[in-house]
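# A closer look at the structure
Each chain is listed here by its residues.
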Amino acid sequence: MNQQIRLYGGKLSGHSHRVELFLRLLDLPFEFIATPAPERKTPVFLALNPFGEIPVIDDNGVIIADSNAILVYLAARYDESRTWLPADPVELAQVQRWLSVAAGPLAFGPASARLGTVFGRSVDRERSVELAERLFKVMNEHLAERKFVATAVPTVADIACYSYTSAAPEGGVSLEPYQNILRWLERIEALPKFEPMPPAPR
Ligand SMILES: N[C@@H](CCC(=O)N[C@@H](CS)C(=O)NCC(=O)O)C(=O)O
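Residues numbered from 1 in each chain as written. Predicted model: local features only at pLDDT ≥ 70, side-chain atom pairs only at ≥ 80, totals over all residues. Heavy atoms only, no water.

The next thing to look at is the side chain of Asn 49. By the secondary structure assignment, Asn 49 is in the loop between α2 (43-48) and β3 (56-59). Here Glu 53 takes part through its backbone oxygen, which lies 2.8 Å from a polar atom of the side chain of Asn 49. Not counting chain neighbours up to four residues away, the residues in contact with Asn 49 comprise Val 56 and Ala 65. (Helix = DSSP H or I, 4+ residues; strand = E, 2+ residues; numbered from the N terminus. Polar contact = N/O pair within 3.5 Å; in protein donor to acceptor, adjacent residues only side chain to side chain. Contact = heavy atoms within 4.5 Å.)

Given below as structure tokens:
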């Protein structure tokens, strides 16, 4: 008998939230297994992900680690319409481009700034904020004539970019100067079955 997909994650992690959000948008039942930081370095968890990071999913024995890899897997396996991960070469390249943004400037910019303010991690705040502002300027211009980051409809690239962009103010990076980004966030939030990441305790 098929078991529900297991998601090892954390409720305040944007990497984890993007996976949880996509599971909801695809209407896939799942079991959330809260995995606090110390547990991520235990032998049992390291067997799932030797990098010792959430999120990881276990889909009936198929173990996938890394949020963007999980999004790609879920779309390829469960989205029959193939809109979330398009097959067209140019569209697919645009999706990958923004998955790379999510793994690069989004992680090193706004997500890193939030690691400092929310989790008290030692980060180079000046550099993180500078990267965040540079990213959001480009993203805001990119979204001036577009509804979604990669294609005419939402893709895994939007989901990968959503969580840490919406949480940027928790890292002390205001989104007010970026009205196109704010409208794009609203479009994601209007998708059926959307649920936000809980706000971080102050
Ligand atoms: N590239 C990874 C990054 C995941 C990541 O940085 N996870 C953090 C939580 S947001 C983590 O588990 N860090 C290890 C720790 O806190 O011990 C992904 O996209 O999944």
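Now that the structure is up, let's keep going.
Here the focus is helix α3 (residues 67-78). Residues three or four positions apart in an α-helix share a direction because the helix packs 3.6 residues into each turn. The terminal C-alpha atoms of α3 lie 16 Å apart, and with 12 residues this matches the ideal 16 Å at 1.5 Å per residue to within 8%. When α3 is considered as a whole, its buried residues turn out to be Ser 67, Asn 68, Ile 70, Leu 71, Tyr 73, Leu 74 and Ala 75. On its buried face, α3 sits against β1 (5-9), α1 (14-25), β3, β4 (62-65), α4 (89-103) and α7 (156-166). Between the side-chain oxygen of the N-cap and the backbone nitrogen of Asn 68 there are 3.1 Å, and the N-cap of α3 in question is Asp 66. (Expected span 1.5 Å × (residues − 1). Buried < 20%, exposed > 50% of the residue type's maximum accessible area, 1.4 Å probe, protein only.)

Turning our eyes to something else, we now look at α7. The buried fraction of α7 amounts to 10 of the 11 residues, a majority that puts the element mostly inside the structure. Looking at α7, one finds that the buried residues are Val 156, Ala 157, Asp 158, Ile 159, Ala 160, Cys 161, Tyr 162, Ser 163, Tyr 164 and Thr 165.

Further remarks concern the pairing of β4. Sheet analysis places β3 next to β4, joined by 4 bridges and oriented antiparallel. Paired with Asp 58 across the bridge in β4 is Ile 63. Counting the residues that bridge the hairpin from β3 to β4 gives 2 residues, and of these Asn 60 lies at a positive phi of roughly 50°. (Pairing = 2+ DSSP bridges.)

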